[in-house]
Amino acid sequence: MTVTGAPAATPPLAARARAVGGSPVREILAVTARPEVINFAGGLPAPELFDRDGIAAAFRAVLEEEPERALQYSTTEGEPSLRSGLAARITAQGLPTGPDDLLVTTGSQQALSLLASALIDPGDTILVESPCYLAALQVFGLAGARILPVPGDADGIDPAALEELIRTERPKLLYLVPTFQNPTGRTMPAARRAAVAGTAAQHGLWIVEDDPYGELRYDGDRVPWIASFPGAADRTVLLGSFSKVMAPGLRLGWLRAPGALRRACAVAKQAADLHTPTLNQLAAARYLDVLDGHVATVRAVYGARRDAMLAGLADALPAGSTWHRPEGGMFLWARLPEPYDTTALLRRVVEHRVAYVPGEPFHAGEPDRATLRLCFVTQTPEEIAEGLRRLAAGLSG
């Protein structure tokens, strides 16, 4: 058969792919990747703090002692040695957990995608913080969810506002980063966590509790996971990651969930990648023996860098600006006075060889255009001081 004329166009992308754009933060990072730019925009761990020798030793030991296993396919749920070590670690931090309660994922970002596949149908309503972790908004948007922000304050979402939204909107799940939240750095107090757990139990709501930063605490006392409060055990999914405490290149995360949901996520993972790389899992399982010492080193350095940024903010930001002092994590959130628009200002600020992330894309609802996020862990105190001087010059014009 001979085809004449111009070929027909290919079928369009799926509606969900057409509706959801790329990450504004990734696009900002591409623009600001020049080495002369002091980049407060990223959420990257400090590369000089990676335990290269310790991680290399773990990989060598695995390849020398069990190469056939390390280079072979593994189970979808994850390597037993890693799940056992993780379960012991979580239990020691106050949440009794067995290996079979866990599913190892290729980064905690995959855990969000698996949960979206297992829980969300197009049109389902989900509730989030305002502002919210940007990549979670992407995942839920790609799943076709209707995303609504819950009003809150410096302590996180307001339980009374949450209850009202549950009654009027009938959401399926609530997504939270309650400890050192991205982007604000705030931490939800224990009493409010208990109230959120009780509301979810009363009204029938899944809670997704994302905790990638919890081990990076510099001040204060640890706050229990929402998953540990009465009424939350059968409806809370806890997510964790090794990206911030070990190395993001390993792409290792995990989820702890009630049995039926965990099994549904395992089926979704089989369709996605069969399993997380075996070699990485076995090396991480060995590295767990020395992880606490490494985390202590990272905490000391990051805490000093947080203090350096806090010390310089008053001179860097316009009069009338406000900001939150995080007890841990990687981020500091600031609000400039009206009529500053941090999205519009970014191009001018980058001309001064410094960068931040505007607050606008972190909002599921009406954005606050006067806000910005600064990451304080990637630069030294001296680089932070210079970056803040450049920021002051850029903001002042």
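Data block above holds the structure.
Rules used throughout
- Residues numbered from 1 in each chain as written.
- Predicted model: local features only at pLDDT ≥ 70, side-chain atom pairs only at ≥ 80, totals over all residues.
- Heavy atoms only, no water.
- Helix = DSSP H or I, 4+ residues; strand = E, 2+ residues; numbered from the N terminus.
- Areas by Shrake-Rupley, 256 points an atom, 1.4 Å probe, with all protein chains shown as cover.
- Lys, Arg positive; Asp, Glu negative; His and termini not counted.
- Charge placed at Lys NZ, Arg CZ, Asp CG, Glu CD.
- Buried < 20%, exposed > 50% of the residue type's maximum accessible area, 1.4 Å probe, protein only.
- Polar contact = N/O pair within 3.5 Å; in protein donor to acceptor, adjacent residues only side chain to side chain.
- Contact = heavy atoms within 4.5 Å.
- Phe/Tyr/Trp six-rings, centres within 6.5 Å; stacked < 30°, edge-to-face > 60°.
- Pairing = 2+ DSSP bridges.
- Axes fitted to C-alpha atoms, helices over the stretch in contact; angles between N-to-C directions.
- Salt bridge = Lys/Arg side-chain N within 4 Å of Asp/Glu carboxyl O.

Further remarks concern the overall build of the protein chain. In terms of regular secondary structure, the protein chain is built from 13 helices and 15 strands. Overall, the protein chain is about 60 × 60 × 60 Å in size when its C-alpha atoms are taken along their principal axes. Counting only carbon and sulfur atoms, one obtains 55% of the accessible surface of the protein chain, whose full area is about 17,100 Å². For the protein chain, the separation between the mean place of its 38 positive charges and that of its 44 negative charges on side chains is 3 Å.

What follows concerns the side chain of Glu79. Assignment of secondary structure puts Glu79 in the loop between helix H4 (67-70) and helix H5 (80-92). Residue Glu79 is classed as buried on the basis of its relative accessible area of 5%. Here the side chain of Glu79 touches Arg69 through a polar contact of 2.5 Å, side chain to side chain. Sequence-distant contacts of Glu79, that is, excluding residues within four places in its chain, are made with Arg69, Ser74, Thr278, Gln281 and Leu282.

So, on to helix H8 (residues 159-169). Those residues of H8 that fall on the buried side of the exposure criterion are Pro159, Ala161, Leu162, Glu163, Leu165 and Ile166. Those residues of H8 that are buried are in contact with strand S3 (125-128), strand S4 (146-149), strand S6 (156-157), strand S7 (173-176) and helix H9 (190-203). The distance from a side-chain oxygen at the start of H8 to the backbone nitrogen of Ala160 is 3.0 Å, and the residue carrying that oxygen is Asp158. Just downstream of H8, Arg170 is the residue with a positive phi angle, here 50 degrees.

A word on the packing of aromatic side chains. To describe a pair of aromatic rings, you give the distance between the ring centres and the angle between the ring planes. As enumerated under the stated definition, the model contains four aromatic pairs in all. Between Phe140 and Tyr175, the aromatic rings sit 5.6 Å apart at their centres with planes inclined by 70 degrees, giving edge-to-face as the arrangement. Placement of the pair is Phe140 in helix H7 (residues 134-142) and Tyr175 in strand S7, with a sequence separation of 35 residues. You can call Tyr175 buried: its relative accessible area is 0%.

Read from one edge of the open sheet, seven strands run S2-S10-S9-S8-S7-S3-S4, paired in mixed fashion. Looking at strand neighbours, the two that pair on one side only are strand S2 (102-105) and S4, the edges of this open sheet. Pairs of neighbouring strands in the sheet enclose a mean axial angle of 20 degrees, with direction left out of account. Here S2 pairs with strand S10 (residues 253-256) via four bridges, running antiparallel. Bridge pairing in S10 places Val104 opposite Trp254. Contacting S2 and S10, H5 runs over the sheet at an angle of about 115 degrees to S2.

Here we take up the pattern of salt bridges. With the rule as written, the count across this model stands at 24 salt bridges. For Asp124, the salt bridge identified is with Lys172, shortest N-O distance 2.8 Å. In this pair, Asp124 sits in the loop between helix H6 (108-119) and S3 while Lys172 sits in the loop between H8 and S7, placing the two residues 48 residues apart along the sequence. The partner of Lys269 in a salt bridge is Asp273, and the shortest N-O contact between them spans 3.0 Å. Among the residues examined, Asp273 registers a relative accessible area of 27% and is labelled partly exposed. Taken together, the shared-partner salt bridges connect Glu65, Glu66, Arg69, Glu79 and Arg286 into one network.

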